[in-house]
Amino acid sequence: GDSVTQTEGLVTLTEGLPVMLNCTYQTIYSNPFLFWYVQHLNESPRLLLKSFTDNKRTEHQGFHATLHKSSSSFHLQKSSAQLSDSALYYCALSAAYQGGRALIFGTGTTVSVSP
Amino acid sequence: GPKVLQIPSHQIIDMGQMVTLNCDPVSNHLYFYWYKQILGQQMEFLVNFYNGKVMEKSKLFKDQFSVERPDGSYFTLKIQPTALEDSAVYFCASSRRGSGNTLYFGEGSRLIVV
């Protein structure tokens, strides 16, 4: 079945340093949709950014990611972390744009930014 | 932005009792989802629902679980009977046209089974 792998469980860094969170996926479908959701403490997940176009960079709120189908990756990056970026980040996969396909989440990466 | 409302926000229930979690999805959305999150752990897919039918469910969606949306009202998750391992936060989500679209999540219903 479809799956998403996030290798880092916890990332701790100092404010102002760059952030990179890894995400790889597995699916038999050739046109998956990839997402990054962010969940702040005691809140619900909300969409950060998404993509379905191969090799095209997508950006939102200072974060960016590029879907690379050749390596089945969708890593999340930010050039300079802020304290408010501390949260749980999920990479997620949908194998179909419409229809009854579940959105599958990875295990999540907790980002902790300190002054 | 679009809001998904979940009722109740918290519930404590005795093991073996029935519980119904209610979700009021975004008004023009057609696809509905339930996810389970045990404290400190990942979001896990339970079930999705479209046009009055379950489209897909995971192995976590036990026989004791059921979902429905009678007459376009709340989208509900019912657990009967509850077990200790059902303690978790249950998130409802909805999307306009399936999970390739953005999912909008509610604030979650924290269920504690004692």
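The structure this text deals with has already been given above.
First, a word on scope: everything that follows refers to the structure included in this document.

What counts and what doesn't
Residues numbered from 1 in each chain as written. Chains lettered and ligands numbered in written order. Predicted model: local features only at pLDDT ≥ 70, side-chain atom pairs only at ≥ 80, totals over all residues. Heavy atoms only, no water. Helix = DSSP H or I, 4+ residues; strand = E, 2+ residues; numbered from the N terminus. Rg over C-alpha atoms; globule rule 2.2 N^0.38 Å. Buried < 20%, exposed > 50% of the residue type's maximum accessible area, 1.4 Å probe, protein only. Contact = heavy atoms within 4.5 Å. Pairing = 2+ DSSP bridges. Axes fitted to C-alpha atoms, helices over the stretch in contact; angles between N-to-C directions. Polar contact = N/O pair within 3.5 Å; in protein donor to acceptor, adjacent residues only side chain to side chain. Patch = residues over 30% accessible without salt bridge, like charges linked within 9 Å, V, L, I, M, F, W, Y side chains within 5 Å. Areas by Shrake-Rupley, 256 points an atom, 1.4 Å probe, with all protein chains shown as cover. Salt bridge = Lys/Arg side-chain N within 4 Å of Asp/Glu carboxyl O. Buried area = accessible area lost by both parts, 1.4 Å probe. Nonpolar A, V, L, I, M, F, W, Y, C, P; charged D, E, K, R; others polar. Core = buried A, V, L, I, M, F, W, Y, C linked by side-chain atoms within 4.5 Å.

## Some remarks on the overall build of chain A
And step 1. Secondary structure assignment for chain A yields zero helices and 12 strands.
And step 2. The order of α-helices and β-strands along chain A, N terminus first, is β-β-β-β-β-β-β-β-β-β-β-β.
And step 3. Expected size for 115 residues packed as a compact globule is a radius of gyration near 13 Å; at 14 Å, chain A falls within 12% of this value.
And step 4. Counting only C-alpha atoms, chain A reaches 45 × 30 × 20 Å along its principal axes.
And step 5. Within chain A, the proportion of its 115 residues that are buried is 49%.
And step 6. Taking contacts inside chain A between residues at least 6 apart in sequence as the whole, the part at least 24 apart equals 55%.

## Describing the sheet that holds strand β9 (residues 76–78) of chain A
The strands that make up a sheet are held in pairs by hydrogen bonds between backbone atoms, and each pair lies either parallel or antiparallel.
Residue and element names in this part refer to chain A.
And step 1. Strand order across the open sheet formed by four strands is β3-β9-β8-β7, with antiparallel pairing between neighbours. Looking at strand neighbours, the two that pair on one side only are β3 (19–21) and β7 (57–60), the edges of this open sheet. Pairwise comparison of adjacent strand axes, ignoring direction, gives a mean angle of 20° for this sheet.
And step 2. When strand β8 (residues 63–66) meets β9, the two strands line up antiparallel, connected through three bridges. Within β9, the position partnered with alanine 65 by the bridge is leucine 76.

## Quick notes on the side chain of glutamine 37 of chain B
And step 1. With respect to the helices and strands, glutamine 37 of chain B occurs in strand β4 (residues 31–37).
And step 2. At a separation of 2.8 Å, a polar atom in the side chain of glutamine 37 of chain B contacts the side chain of tyrosine 90 of chain A.

## Some details on a nonpolar patch on the surface
And step 1. A grouping of Leu5, Ile7 and Tyr74 of chain B is seen on the molecular surface, where their side chains present a nonpolar patch of about 250 Å² in accessible area.
And step 2. Look at isoleucine 7 of chain B and you get partly exposed, because its relative accessible area is 36%.

## Observations regarding the interface of chain B and chain A
And step 1. Counting residues at the interface gives 22 residues for chain B, matched by 25 residues for chain A.
And step 2. Between chain B and chain A lies a buried interface of about 1,900 Å² when both sides are counted; carbon and sulfur atoms form 47% of it.
And step 3. Linking chain B to chain A there are zero salt bridges.
And step 4. A total of four residues in the side of chain B that touches chain A trace back to one element, the largest contributor, which is β4 of chain B.
And step 5. Taken together, the residues of the side of chain B that touches chain A sort by class into nine nonpolar, 10 polar and three charged.

## Brief notes about the sheet that holds strand β8 (residues 75–79) of chain B
All names here are of chain B.
And step 1. Strand order in this open sheet of four strands is β1-β3-β8-β7, and the pairing throughout is antiparallel. At either margin of the open sheet sits one strand with a lone partner, and together these are β1 (5–7) and β7 (65–68). Between one strand axis and the next, the sheet turns by 15° as a mean value, whatever way the strands run.
And step 2. Both strand β3 (residues 19–24) and β8 contribute to a ladder of five bridges, which runs antiparallel.

## Things to note about the nonpolar core
And step 1. Leu21, Trp36, Leu48, Leu49, Phe74, Leu76 and Tyr89 of chain A are the most contacted members of the largest nonpolar core, which totals 24 residues.
And step 2. At the level of elements, β2 (10–14), β3, β5 (33–39), β6 (46–51), β8, β10 (87–94) and β12 (109–114) of chain A are the ones that each hand at least two residues to this core.
And step 3. If you tally residues by element for this core, the top one is β10 of chain A, at four residues.
And step 4. In terms of nonpolar packing, the next biggest core, distinct from the first, is built from 22 residues, Val4, Phe32, Phe49 and Phe65 of chain B among them.

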